[in-house]
Structure formats: structure tokens, C-alpha cells
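# Architecture and fold: a report
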Amino acid sequence: MKELEIIVCAKQIPDPEAPLSDVRVDAEKMEVIVDAPQVISPFDENALEAALRIKEEMSAKITVLSMGKRVSDTVMRKNLAAGADKLILLQDEAFENLDSHSIAAVLAEAIKKIGEYDLILTGRQAGDWDFGQVGLILAELLVLPCVSLAREIKVKDGNVLVKKNILGGYEEVKAKMPALVTVSNEVGELRYISKTKMLAMLRGAASIPTWKSGDFVSAGAKLQKMNIVELSSPPDMRRDCEILEGSTPAEKAEKLAAIFRSLR
Amino acid sequence: MNEVLILGDVKEGALDIRTLELLGVGRKLAGDLNGELSVVLLGEQVSEAAKEAVSYGAARVYKVEHPLLAGFRADVWVASLEQACSKIKPKVFLMGHSITGMELGPRLACRLGTRLTTDCTNLSIDPQDGLLLRTKPVCGGNAVSVFKCQGEPQLATVRGKVFEPVAAVDGKGEIVDVAPAIDESMIKVESLGVVREEAVALDKAEVVVAGGAGLEEKEGFDMLQNLSKALSKTFGNVMIGATRVAVDKGWITSDHQVGLTGTMISPDIFVSVGISGAIQHIVGMIRSKKIITINTDRGCTMFKVSDYGIAEDYKKVVPALIQKLEELL
């Protein structure tokens, strides 16, 4: 049987789990400055995990596409360490701050250049801007059946079978491949990668193909930047926290129990 | 005519509360544009809901009825909305940022050649050019951004529970039939069945006891369950919450997830255990009246947004707390 070709779209972002103090809003420049390490966007990691689980069941090849103005080869090699077969970076100054439609348009062109694919997986939304649009627009541009918010994905007889989130439960759906599925976190977190594996991949000689805009985006493509007219900090959420002290956990617990009593 | 159109959501024959909120913000925008507010309803049979929409002040209600629109199938819903928008040509089109709105919005934007802003918490009209100013929390809630986009309709999905629902008025709007041109062949995703799950209604909780990665193991939630039981003797509706990471780890199901992509809650008391406080979690619980944090890391963000805190290993403090609660409450 033919090998299943899976493409996972993964975005590199500053760690969204970063503490509040590491995030600053520059209202003047209209930029959010995050002093945190770069990571793979969490829902995209869920998408990769879904792909890896499919690969455990059948012969499959996983290609990860990552796009941006600058994409760190070291951050994105984690995809390979986790079990992806190929990583392609789509990197160009022209890809800075694009709107969702334009990002999807660039990804669509890259996927057309790759040519063969059965299944495209994206995270439900990126952990930085939380737009939640690229996957769905990509499906429209490639005219593919589209399933959103997957919690489980299986492949059988040329179809993708998905359990997708709906209000108050889930729906089981089936679509003929090629198809696109956006992945929610219920799929589960990306598998554990041993330090040895990670280091081997970082030091590894595997060269990572990097495509510039001119390599695959057609000259006529109109890429638009997102248009931010104002950026501000959210209302201050801090409260004065009373730390309950005590020489033993039981003493602290007693104080907290008293607080619960006062809140009755 | 500047028409502000909203997509109504019909639940068991009646308009959903989120629709009334959309009508609220839609009416404001229609006023700013000197235009009219209208509603589009999709389904097999939506006459009753259409009359209801008129009673909430819609100048026009478009009924898009078809047997294939019974139940939500995104492929035919997108096609029907695309056709309806081409006919109606609204200046602004709003839908809820619900699971269905999240799926319809981007696909519709692509088909209509316009740009969408998702999960908006405020909307207004720029008096200079009449374009929609779309306010949206970004970066998990670390910043608030206002976007402006070209194209028509001006398209946005709107966060729930942000805008006031409208009250009924003596409406005199008209109801217009819009026949969709859809057929089976458009449905590319086949439904094999729906599984209803008994989900916790976290937004109804009075007290939420929530756990995160700091629990270190699935069994941590058993301990939280015991705490929840102890609190239940005094407080009503005590429920278990969780962070996205705890759900990803498979420790608990996603209906317990609190935060941006989970449930947004505002209970009387929120108890966080082993949660460091990622922003996308905090935005989901910050409206809690009292916040109590138990965490080993005194420097973690969660303490900064809490009223009371214990810097201690939860495995030591929670059993002691349960015992004290039994004595005191």
C-alpha cells in the first residue's frame, strides 16, 4: 500500500506559558514583546502528536511546514526529534505579520509545491494571536474537505475518521482524503522526547530545507499584513495576595479553613 | 442602505441568549452607520425563531430554510451563508464565537474575499471611513488589539457574555424567505453520529477547585475531588477545574478546562492548586470573586492574581485542609 503523506503546519511562537512579568506591550510601536524562549505553538504540537499516532498504525511520512519571517531551525528540529520525517522552513522577510488569509495563501502554495499529500493537520489556533483561521482558510484555498476541532484522528481506507468537539459532546465524522483537520488539545500532548534524542537531532547533520518566498510563492500573490490600529495592555489583573504563613502545613491549612468559613 | 446582519442561533426552536447579545451590539453598530439591523436564520424550519427575532427589534429577518440545514453541517451552512450574503450585501456581518461560528467564520471570509476578526470583545465604527474597529484580546490575553480590515462584509465573530442581551420591543420588522441553492453533493464531511457527554457546567459552579501541571500526576485530581467533597458540605455547586496542560496530559477531560479555549468562569471562590498561571488560563478565571492559590513556587503568577495564598506542597497542605474543614465548617 502507498505510504500516507501527512503535512503538519507548525508555527514558532514565544512560549505562551511565559509568566506575565515577561510580557510587555509597546503601544507606540504596536508590538507585544515577550521575553520568553521560542517554542512550537501548543496546538500545533497536538497536531504533530495526532500525526505520529497515525504513523504508529500505518506506513506514513510526516512533513512539518513552518513559516515566518525568521524560523529557528533549532526550535523546530524538535518536530524531527519527536518523529517527523521532514521539516521545511518557509522563511522570508515578506512573511512578517501577515494576516490569516495571506498566511494560508503562502502555505497553500508551499503545499502545492510539495505536490503529494493525503492529510493536512494544523493546530486549532496559534498560541500567540489566537485567530483560529489559517487551517480553515487553507482548506478553502486547496478545496479540501475540512474538519475542525479534532480530539481524535484515524485513517482508514482512504478516509479520515475524526471525533470532533461539539457543544456538549463530540461528533464522529468521515471525510475522503485528501482532507484537512484542525486539531484541539484533547488529542493529547506531544510525546516525551528524551534528551539524548533531542541533542542528537540538534547536533545532527540533517540539513533543513529553507524556502524563500521567491522559491514557491507566485509573483502575483497579494500578501497583506494584519492591520493593527491600536495595541494596549489589558486591565491590571493583579490583586493583593495575603500569603498565609505557619510553621507547618497544618497551621497554614488551618488559616485557610478559617478563610473558607468566613466566605460561607 | 447600510445593513448590519447577524447570524442567529436557534436552540430548540428559540433564539439562543448569545443571539440576543449579538442583537445588542448589532443594534449599536446599525445606529452608528445610520443603517438597519437584520438577522439571518438557518435551519429546516425557523419561522418561530424568525418571529422572535422581529420581537427583539430586527428590521428584517432572512429565513434560510432547507432540509439539509437541519443540524449543523458546515459545508452547506457556509454555502448558504455565502449565497445569502451575496444577495443581502450587508455592510457588517457578525456571528457568535461559538464552536460553529469558529468554523463558519474563516471559511465564509475566504469565499466572500473579505477578512475576519475572531473572538471580538468590542466593536465600533470608525467615523472616518465607516469601517469596523475590531477589538480582540491577543497573546492569550496579554494584550488587547484593535484591528481594521478592508472588504465587505465587515466580518467578525463575537465573544459570548461580553455584550448585554437586548430586551424585547414592539417589533415591526419583515420576514423574508431566502432559498438556498444547496444539495447533498456539497457535503464533503459525512456525520457518523453524535455522542452526548455528561459535561460539567463549569460556568454554573459557585466554587471551583482547579488543578494544573503542578499536581504532577493524575492522582492529584483525586485529592482535589476530596477537597471538593469537603467544601460541598458548606458550599453549593463545587466543581473541579483544570488547565489546558492537565487536559493535554490526559489527567482529566476537557469539559473541566478553564481558560481561553476552555470555559470562562466567574465563581464565588476559585481554588487553584499546582497552577503556575499561564495567561490563557488566568483570563478564564480572573472574574472569580475570591481567588485562593496553593503552589510551591512563591514567585508564580497565580499568587499575583490571588486574594489568599499558601506557598506549600499541595500534597501536604490539601489533606490537612480537608481535615480542618471537617472540623470548622
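Predicted, not measured: the structure shown is a model, and the values here were computed from it.

## Thoughts on the overall build of chain B
When helices and strands are counted, chain B shows nine helices and 18 strands. Looking at chain B as a whole, 56% of its 329 residues are labelled buried.

## As for the overall build of chain A
Along the backbone of chain A there are seven helices and 15 strands. Taken over the C-alpha atoms alone, chain A extends approximately 65 × 45 × 40 Å along its principal axes. At a minimum sequence separation of 6, the contacts of chain A that also span at least 24 residues come to 73%.

## Examining the confidence of the model for chain B
Chain-level pLDDT for chain B is 96 on average; 100% of the residues reach the 70-or-more range. Model confidence for the complex: the whole-complex pTM is 0.94, and ipTM, which rates the interface, is 0.95.

## What to know about the interface of chain B and chain A
With 72 residues of chain B in contact, the opposing surface of chain A contributes 69 residues. Looking at which element gives the most residues to the side of chain B that touches chain A, the answer is strand β13 (residues 189-196) of chain B, with eight residues. Looking at side-chain class alone, the side of chain B that touches chain A contains 39 nonpolar, 14 polar and 19 charged residues. Bridge count between strand β11 (residues 169-176) of chain A and β13(B): seven bridges; the pairing is antiparallel. Pairing of A:Ala175 across the sheet is with B:Val189, part of β13(B).

## Quick word on the sheet that holds strand β9 (residues 132-138) of chain B
Taken together, the four strands give an open sheet; going across it, the order is β14(A)-β10(B)-β9(B)-β8(B), and neighbouring strands pair in antiparallel fashion. A single partner strand is all that each edge strand has here, and the edge strands are β14 (228-232) of chain A together with β8 (122-125) of chain B. Neighbour-to-neighbour, the strand axes of the sheet open up by a mean angle of 20 degrees, direction not taken into account. Sheet analysis places β14(A) next to strand β10 (residues 143-147) of chain B, joined by four bridges and oriented antiparallel. Bridging from a neighbouring strand, A:Ser232 pairs with B:Val144 of β10(B).

## Observations regarding the environment of B:Glu219
Residue and element names in this part refer to chain B. Tracing the chain through its elements places Glu-219 in the loop between β14 (207-211) and α5 (220-232). In this structure Glu-219 comes out as exposed when scored by C-beta crowding, with 11 C-beta atoms within 10 Å. Counting along the chain gives 21 residues from Glu-219 to Ile-240, while the straight-line C-alpha distance between them is 13 Å.

## Regarding the packing of helix α4 (residues 134-141) of chain A against helix α4 (residues 99-112) of chain B
Running from amino to carboxyl end, α4(A) crosses α4(B) at an angle of 45 degrees, the nearest separation of the two axes being 8 Å. By the criterion of interaxial angle, the relationship of α4(A) to α4(B) is oblique. Note on packing geometry: the crossing formed by α4(A) with α4(B) is right-handed. Within the contact between the two elements, α4(A) uses A:Leu136, A:Ile137, A:Glu140 and A:Leu141 and α4(B) uses B:Glu103, B:Pro106, B:Arg107, B:Cys110 and B:Arg111. For the contact of α4(A) with α4(B), a count of residues per class yields five nonpolar, no polar and four charged.

## Thoughts on the domain arrangement of chain B
All names here are of chain B. Taken domain by domain, chain B consists of domain 1 (3-186) and domain 2 (202-328). For domain 1 versus domain 2, the separation of C-alpha centres amounts to 36 Å. A class-by-class count of the residues in the side of domain 1 that touches domain 2 yields one nonpolar, three polar and one charged.

## Some details on the sheet that holds strand β17 (residues 290-295) of chain B
Pairing in this open sheet of six strands is parallel, and the strands run β15(A)-β18(B)-β17(B)-β16(B)-β14(B)-β15(B) from one edge to the other. The two strands at the open ends of the sheet, each matched to only one other strand, are β15 (242-243) of chain A together with β15 (238-242) of chain B. Its contacts with the sheet put α5(B) on β14, β15 and β16 (269-273) of chain B, and the angle it makes with β14(B) is roughly 165 degrees.

## Structural notes on the pairing of β9(B)
All names here are of chain B. In terms of burial, β9 is a largely internal element, six of the seven residues being buried. Bridge count between β8 and β9: four bridges; the pairing is antiparallel. Within the sheet, the bridge partner assigned to Asn-122 lies in β9 and is Thr-135. Taken together, β8 and the strand that follows it, β9, pair antiparallel across an intervening segment of six residues, in which Gly-130 is found at a positive phi of about 70 degrees. Sheet analysis places β9 next to β10, joined by five bridges and oriented antiparallel. Bridging across to β10, Arg-134 finds its partner in Phe-147. Following β9, the chain reverses through four residues before pairing antiparallel with β10; Cys-139 in that reversal takes a positive phi of roughly 50 degrees.

## Description of the pairing of strand β5 (residues 60-65) of chain B
All names here are of chain B. Looking at chain direction, strand β4 (residues 36-43) and β5 are connected through six bridges and run parallel. When the sheet's bridge partners are listed, Ser-38 is paired in β5 with Arg-60. Crossover handedness for the path β4 to helix α2 (residues 47-55) to β5: right-handed. Where β5 meets strand β12 (residues 174-177), four bridges bridge the pair, whose relative direction is parallel. Note that in β12 the partner of Arg-60 across the bridge is Glu-174.

About the criteria used
- Positions within a chain are numbered from 1, following the residues in the order the chain's sequence is written.
- Each chain gets a letter, beginning with A, and each ligand a number, beginning with 1, in the order they are written.
- The predicted nature of this model means local features are confined to residues of pLDDT at least 70 and side-chain atom pairs, given and counted, to a pLDDT of 80 or more, with totals for whole chains, interfaces and linings taken over all residues.
- Numbering of helices and strands runs from the N terminus, with a helix taken as a DSSP run of H or I at least four residues long and a strand as a DSSP run of E at least two residues long.
- Here the C-beta atoms are placed from the backbone, and a residue counts as buried if at least 20 other C-beta atoms lie within 10 Å of its own, exposed if 12 or fewer do, and partly exposed otherwise.
- A pair of residues counts as a contact when their C-beta atoms, built from backbone coordinates, are separated by no more than 7 Å.
- Confidence of the prediction at every residue is given by pLDDT, a number between 0 and 100.
- Amino acids outside the nonpolar list (Ala, Val, Leu, Ile, Met, Phe, Trp, Tyr, Cys, Pro) and the charged list (Asp, Glu, Lys, Arg) are all regarded as polar, and Gly is one of them.
- A pair of strands counts as paired when DSSP detects no fewer than two bridges linking them.
- The axes are straight lines fitted to the C-alpha atoms, using for helices just the contacting stretch, and the angles between their N-to-C directions are given from 0 to 180°.
- If an angle is under 35 degrees, it is roughly parallel; if it is over 145, roughly antiparallel; if it lies from 65 to 115, roughly perpendicular; otherwise it is oblique.
- Handedness of a crossing follows from how the near helix is turned relative to the far one, being left-handed for an anticlockwise turn of less than a right angle and right-handed for a clockwise one.
- Domain delimitation follows an automatic or database domain assignment.
- A crossover gets the label right-handed when its path from the first strand over the helix to the second runs clockwise, viewed with the strands pointing away from the viewer.

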